[in-house]
Structures are given as C-alpha cells and as structure tokens.
Amino acid sequence: MITELGHFALILAFGIAIVQTVIPMIGAHRNNPNWMGVAEPAAIAQFLLVAYSFGALTWAFVTSDFSLQLVFANSHTDKPMIYKISGVWGNHEGSMLLWVLILALFGASAAVFGGNLPARLRARVLAVQGAIGVAFFAFILFTSNPFLRLAVPPLNGRDLNPLLQDPGLAFHPPFLYLGYVGLSMAFSFAVAALIEGKVDAAWARWVRPWTLAAWVFLTIGIALGSWWAYYELGWGGFWFWDPVENASFMPWLIAAALLHSAIVVEKREALKSWSVLLAILAFGFSLLGAFIVRSGVLTSVHAFATDPARGILILIILAVFLGGALTLFAARASALESKGVFSAVSRESALVLNNVLLAVSCFVVFIGTIWPLVAEMLFGRTLSVGPPFFEAAFTPFMVALAVVLPVGSILAWKRGNLSRAIKPMVPWSILAIALGALAYAIQTERTALGPIGVILGVWVVGGSVADLWMRSGRGSIKARLGRITRLPRADWGKAFAHMGMGVTIFGIAAMMAWEIEDIRVAEVGDRWDVGQFSFSLDDVRQVEGPNYVTTMADMDVWRGDRQLGSLSPEKRFYPVAKMPTTEADIRNGILRDIYVVIGDPQVNGGYAVRVYVKPFANWIWGGAILMALGGFVSLSDRRLRIGAAAAKPKQMVAAE
Amino acid sequence: MKRLVLMLCLLAAPVFAVEPDEILDDPVLEARVRELSQGLRCPVCQNESIDESHAPVAQELRVVLRERLVAGDTDAQVIDYMVFRYGEYVLLRPNARGANLILWLAAPLMLLMALGVGWVTIRRKSDVATPLSADEEAALEEILKQ
C-alpha cells in the first residue's frame, strides 16, 4: 500500500511539475501576479510528493519488501541497515528518484528563500526548474519506474553489489547528485535572465550561492569517490580518468569558473553574458554526465544501466535543454550589456585568465572523453584515450592556474599594479623554491614531479596567507591579527579554498612521485623491508562476517625495532553476489600512508602480499576538504545571509 | 563499481594485477615494464591498463611484454608489436597520427583562441577606461586649480 501511494505521489508530482512549468511562465509573460504565484506552492508541493515517494521506496528497502522488483534485485535480508538504505540509490531507478528528489528540493528552496527576488524572475526561475523536473519525471515513469512489482515475491533478494557496501560509497552518490542537480539552479537562473533580458549584480548575488553550494557538494562527492577508489581497489589508485569520473569533473571545472566569473558580475557588472553561458554549460555537462553513465555509449568501469533506450531519452533531454538554452543565449546575449570597465592589469583580468584556464582544461577533458566515440564514428578507428593523454594534456593547465592564482587574487580591482601584487609574494617564492630544491636534494628518485609539487603547493598556500595578511591593513602585529579575525567570511572562504587547491596539488604530486611499491610472496612468519619500514606476516585466518566470509591476514609494521602497529588486510567473498572484494588495510599518517593488501595463496606455499608506502596521500583529500570548507565558510557570509537581492545593485561610482 | 565490470572479465578465479612470479629480477628492466604496461589497455576490460587489470588476458600480455623486453626489444618495438597484434585500441596514450592530431592539437589551439578572446575583451574594457574626453580633462583642470 505504501509502495502504491509512493508511485501515485510520483505521478502526481509529474502533473504538478507540468503546472509549475506552464502557468508561472505565462503569468510572468502577461505580468499576472496570480498566475506567477502558482510557482511557489507548486514547487513546495512537488518536493513534498517526491519526498513521500522516496520515503516509500526507502521503506520498501528497509523492510526488505521483495515483491518490489528493485528491492529484490538490489537487497538482501542479511545486509546491514545502512546498506539497505544506501541500496535505494545504489541502482539506476532509485538513483534517478534521488535525482528528482534533489531537483525538487532545490526548486522548493528557491521558492521558500526566494522571497526577495523580483516576482517575475522568481516565477521564471521556478518555471524552468519545473521544466527540468517534467523531463526527468517522464524519464522515470516511462523508462525507469522503481515501483514495479513482481507477481510472485521471492523469499530473498540478490543483494547489493558488494563494492557498494561501503561507507565511502554509500554517501558518494547523494553528494554528487546534490552537486549535479544543484547546478540546475544556476541553469534556471541563467535561462530566466535570458528571457528577462537582464543580468545585474543582484542576479549574480543570487546565482553565486547556489553555484557555490553545488560546487561544494560536487567537491565532496568527487573526493569521496576518489577516496573510496584509493582504499577499496587494492592498489591505491585515486583517479583513473575514466569517462564517468570525467563526467563529474567537467561540471566541477565549469562551476569553478562560474563561481569566479559571477564575482566579477556581482562586484563589477562585467562578464555578464560569459557567466550566463557558463551557467548553461555547467548544467549541460551534468546532463552529459547522466547520459554517459546511463547509456553505455562510452565503455566505463562505472557502467550503471547500459540501456540504449534510456540513453536516447537522456540524449533528447540534453539536446532540448542545452540546445534550447544555447539558442536563447544566441538570441538574447547581446541584450546583456556589461557596464564595468577595467584595465588590462586588474583582478578582473586575472579572473578572465582563471576562466580561460578552467574552461579550456574542461574542454581538454571533454574532447579526451568523447574522442574514442568520434574517432570510431567519423574515422573508423577504434582507439583509447587513457590517463597518459590526460596527464600530458590537462596537467599544464593546473600548473598555470596554480602559478597565476596567488598574484591574481592579490591584484586590485579595476586597475591593479603588478609589481605591488608581486612584492608580498617574493618571500613566498623564495621559500617555495628553497623547499623545492630541498625536496629535490633529499629524494632518491630523479623526478621533477615531486619538487614541482612542493613549489606550487607552498606558492599557492603562501599566496592565501599573504592575501589575508595584506587585508589586515597596517599597524602592530596584534592589531593586524585582530583585524584578520574580523575579515568577512567570504575572504576566509576564499583563503581556505585556495589553500585547499595548493594542498591537493602538492599531495597528488608527492604521492605520484615518491610512492614505493613492493609485491612479493610471503610465508607466515616472514619479515621484510620496504623503504624505511619492515613488515611481518604473522598469521592468516578465515573469519565470517555478517554477509561475507573473509581471509584475514595479521601483519605488523616496524620501523627499526620499534613496532608501529598491526595491520589486518582482508580478502572478502560475498556468497550471494558471488563476488570477491579486496579490503586493504591502511595505516593513515600525515606524512605517509602504509597500505597493505593480502592476495591469493600461492602454489608453493605463502601468500601474495603487496605493500605500498604512499607519501602525503591524505593531503589530496585534506585539500579537497579545505576547498569544501572554504565554500561553506563563504556561503555563511553575512552578505548572503541577509537579504541578498533586497539590496540595490551597487552604484558604479568608479565607472562614471 | 570498477570491480563490478572487472569481475565480468574473470568471474571464477580472482587473481591480482601484477603477480609476484611475473616480476623480473632485473629492477631496471622491471621498471621499464611497469612504465610500459601502465600505458597499454587490457583488451577485454573496461578502461583499465594491463598493469591494474586482473583479467587473464592482461596477465598474458604482461608476460609477453616481459619476454619481448628480456629478448632485447626497445620500448618502441614492443609497443609496435602490441599494436600490430591488438590494434591501436591497446594504446592508452593515443598516437598523434592522422585524425588524432585533432585530439592533440585541440587543447593548445583552444587555449590560444580563448586567450585571444580574453585579451580582446580585456582591451575593449580598458580602452573605455583609460582616456578622459577633452571636456573631462578641462573639468578636471578646473577642479585641480581650485
């Protein structure tokens, strides 16, 4: 009964989304306040109905109702509760329901918190948001219905893919979807602004927090996925340049560009049409990601639902929304007149450079991702584009970005002075180069990667510190420190996010340059050296878990004669899904991770054992956490909490 | 989810990527093998190099790679050999021949274009910004005199 009500609620939400699309749009066109007023209750009702529907599906999973086809295919009574719940979105149909739930959540938030938006803009934003909803409700109801019943309910289910039974992966999809779908808000604002023919500072002040929130969630989602790959796949890889990873990375890059260009729109009323284009593209890349994951046109290790029929429908949705928005953009962009002027050396110019680098790097990822498809269709060549291409073609952009970032973020608005911006960076550049040289001297490998990572990391983090310090004005150190703590949160957010970028760059370079790997056959009782550590294999046992059996090794790690700790890597087997998984054991540390994996028993006795020493591995995700934290801090800025759009657009005193 | 598809490759007997018994005694040669095998794609898996893959065919390829290198092949020769046997599909780093030039040149060309557009935008903005009109000059002169 609950299931049927959930199904019914979903259909009702579909109907309401159609109303939300049509009535307010016409109302805004005719300037009819009653018709425009339909948008808010519709958005809220739509959210409540989808929430009920999602709750009903979750209930079916929690109670293991195997009369539901989806529950049968993805759940099992022995599964721990948390994975029964995460099983709701661990499959195609359920994840689409989560997608529309978040879409409706963003729509309802815009309705609730959008009280001070101009009425017509709000009606149009909600109408566009409703239109996206219509497309995805139709997709779910006609091709991917999660509420289908089985005529004869089986006794037990087929279990969730064991790899998804993991805390990292349980929360990876919701965060990613909050990011992907959050960008729909920026899209709706962009399309609404194009229909209005007006983009001003107030518009940017509205778009920026939504984009920032989406970007923060995307950052967390990508970091969770990468962290999961690191500890779960058994050799510590954290990024594979797989089409599906790229699909999440492209909107992240564009959203990062949009965050920065929207600042220029907000503060200086320039780069308007460019920002609108970015807002459209950001969500376009989200839709492209959905297409890549669910169509199976690109072979990916993440293949989700490889159903061409569903793929074609998503392609149609993509074509309609992206094509429609871009057509509208072509027709109306010229109406968006930018007012602000700035000289060639200025913060605005630096942000233009930031946007150029981010947008082109996204283009590199894009062409690398779709090239196998294009080459096969147009040139009849079956080929692959893998990590070596992306490392060669993408990395230079990030290096360039890191080099210009500190100076650009110090430059003054409107008219900057390059030598004045470089001056506070001189000590940091000396420190960066000195530490880089030190790293080069003490490393055993002859690689430039590690030292370059050190230099860029120190340079970017130092730039944020220098920026904060400059913002503190003049006077005694105590007075300046006092002023730093009272700086607006947006400034702190900026500093944290930029530092995070520096930390991540350093972590990636250090880990890739200085990793040690050791693969060998070890017998119980063996002890061997890897780098400055030694390892011993003490025992190998068979243990039974809740829904799996496992081969567990007891290992000790030593440094000289001092024991650092015990490690117990596992090799699990899930009987229901008939799948083995590797559970590496990792001793996390600030300076290095020690990563051990137990393999199969060998014919001549002993086990295959792999040991990795991964320097500064945690800095990669530490940097991502800093970036996300920076986003949250910036979101809590006073200027955004207190009636953003109520404030009049700033008078452009300087531009007279 | 990586493993999900991976498992389709082998189903029955899960083995590790690089097995201890495959490793060559000569560390220099072994390092070359690892470098090369990270650039070769496992033909039956979804987007994995033979270095990471657990599939039996990936293991065969790793063994062949080692045999060729021990026999004295250069890196280029062994890559050509692999491409000859399995097609350019196995190259994770696509070559820069024919249509692939588009792929390799897309990024630099796009960057030049974007920098050009960016520069024009900035110049247009600053042209408006810098000069004062004659009237304004005069007005400024007036103000400064007072």
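Just so we're clear, the structure is a prediction, and the values are computed from it rather than from any experiment.

About the criteria used
- Residue positions are counted from 1 within each chain, in the order its sequence is given.
- A letter from A marks each chain and a number from 1 marks each ligand, given out in the order of writing.
- It should be noted that, the model being predicted, local features are given only for residues of pLDDT at least 70 and side-chain atom pairs only at 80 or more, the latter also being counted only at that level, while totals for whole chains, interfaces and linings use all residues.
- Strands here are runs of E lasting at least two residues and helices are runs of H or I lasting at least four, both read from the DSSP assignment and numbered beginning at the N terminus.
- Exposure is read from a count of other C-beta atoms within 10 Å of each residue's own; the residue is exposed at 12 or fewer, buried at 20 or more and partly exposed in between. C-beta atoms are placed from the backbone.
- Residue pairs are scored as contacts if the distance between their C-beta atoms, which are placed from the backbone, is within 7 Å.
- In this description the radius of gyration comes from C-alpha coordinates, and the expected globular size is given by 2.2 Å times residues to the power 0.38.
- Any helix carries an expected span of 1.5 Å times its number of residues minus one.
- To obtain the bend at a residue, axes are fitted to the seven residues ending there and to the seven starting there, and the angle between these axes is taken.
- Put simply, Ala, Val, Leu, Ile, Met, Phe, Trp, Tyr, Cys and Pro go in the nonpolar bin, Asp, Glu, Lys and Arg in the charged bin, and everything else, Gly too, in the polar bin.
- A pair of strands is considered paired only if DSSP assigns at least 2 bridges between the two.
- All axes are obtained by fitting lines to C-alpha atoms, using only the stretch in contact for helices, and the reported angles, taken between N-to-C directions, cover 0 to 180 degrees.
- Looking at any residue, its pLDDT shows the predictor's confidence there, from 0 to 100.
- By definition, a nonpolar core groups buried Ala, Val, Leu, Ile, Met, Phe, Trp, Tyr and Cys residues that are joined through C-beta atoms within 7 Å.
- As used throughout, domain bounds are those supplied by an automatic or database domain assignment.

This part is about the overall build of chain B. A count of helices and strands for chain B gives 6 helices and 0 strands. The N-to-C order of helical and strand elements in chain B reads α-α-α-α-α-α. Considering chain B as a whole, with its 146 residues, one finds that 32% of them fall into the buried category. Across chain B, the fraction of contacts at a sequence separation of at least 24, relative to all contacts at a separation of at least 6, is 53%.

Take the overall build of chain A next. Counting its secondary structure elements, chain A contains 22 helices and 10 strands. Its C-alpha atoms give chain A a radius of gyration of 27 Å, near enough to 26 Å, the size a compact globule of 656 residues would have. Summarising its shape, the C-alpha atoms of chain A cover approximately 80 × 75 × 55 Å along the three principal directions. Residue burial in chain A is summarised as follows: out of 656 residues, 55% are buried. Within chain A, contacts between residues separated by at least 24 positions form 75% of all contacts whose residues are at least 6 apart in sequence.

Here the focus is helix H15 (residues 387-410) of chain A. The end-to-end C-alpha separation of H15 of chain A is 34 Å, in line with the 34 Å expected for 24 residues at 1.5 Å each. The sharpest bend along H15 of chain A reaches about 40 degrees and sits at Val404 of chain A, with the proline Pro406 of chain A one to four residues further on.

What follows is about unusual backbone geometry. All names here are of chain A. If you check the backbone angles, Lys414 has positive phi at about 70 degrees while not being a glycine. Along the chain, Lys414 falls in the loop between H15 and helix H16 (418-422). A positive phi angle, close to 55 degrees, is found at Phe616, a residue other than glycine. Looking at where Phe616 falls in the secondary structure, it is placed in the loop between strand S10 (607-615) and helix H21 (617-635). Judged by the 26 C-beta atoms lying within 10 Å of it, Phe616 falls in the buried class.

Each partner contributes residues to the interface: chain A has 48 residues there, and chain B has 45 residues. For the side of chain A that touches chain B, the element with the highest residue contribution is helix H14 (residues 347-379) of chain A, accounting for 12 residues. Looking at the side of chain A that touches chain B, its residues break down into 32 nonpolar, 12 polar and 4 charged.

Our focus in this paragraph is the sheet that holds strand S8 (residues 585-587) of chain A. All names here are of chain A. Spatially, 4 strands are ordered S1-S10-S9-S8 in an open sheet, and the strand pairing comes out antiparallel. In this open sheet, the two edge strands, each paired with only one partner strand, are strand S1 (516-522) and S8. Neighbouring strand axes in the sheet, compared pairwise and without regard to direction, differ in orientation by 15 degrees on average. In this structure, S8 lies alongside strand S9 (residues 592-601), joined through 3 bridges in antiparallel fashion.

Residues and elements named next belong to chain A. Structurally, Leu253 can be placed in helix H11 (residues 243-268). Distance in space between the C-alpha atoms of Leu253 and Arg638 is 26 Å, their sequence separation being 385 residues. With residues up to four places along the chain from it excluded, the contact list for Leu253 reads Leu358, Ser361 and Cys362.

A few words on the confidence of the model for chain A. Low pLDDT marks stretches whose predicted atomic positions should not be read closely. Here chain A shows a mean pLDDT of 88. Residues at 70 or above account for 96%. The low-confidence segment residues 643-656 of chain A, where pLDDT is below 50, has 20 contacts with residues more than four positions distant or belonging to other chains.

As a further point, take the nonpolar core. Residue and element names in this part refer to chain A. Among the nonpolar cores identified, the biggest contains 247 residues, and Val100, Ala186, Phe189, Ile254, Ala255, Ala279 and Ala282 are the most heavily contacted of them. Here the element with the most residues in this core is helix H10 (residues 201-232); it accounts for 22 residues. Not counting residues within four places of it along the chain, the set of residues in contact with Phe189 comprises Val125, Trp203, Trp206, Val207 and Ala279.

Take the domain arrangement of chain A next. Residue and element names in this part refer to chain A. Looking at chain A, the domain boundaries give domain 1 (1-160), domain 2 (166-370), domain 3 (393-515) and domain 4 (516-617). Computed over C-alpha atoms, the centres of domain 3 and domain 4 are 38 Å apart. Contacts between domain 3 and domain 4 engage 6 residues on the former and 8 residues on the latter. Split into classes, the residues belonging to the side of domain 3 that touches domain 4 amount to 4 nonpolar, 1 polar and 1 charged.

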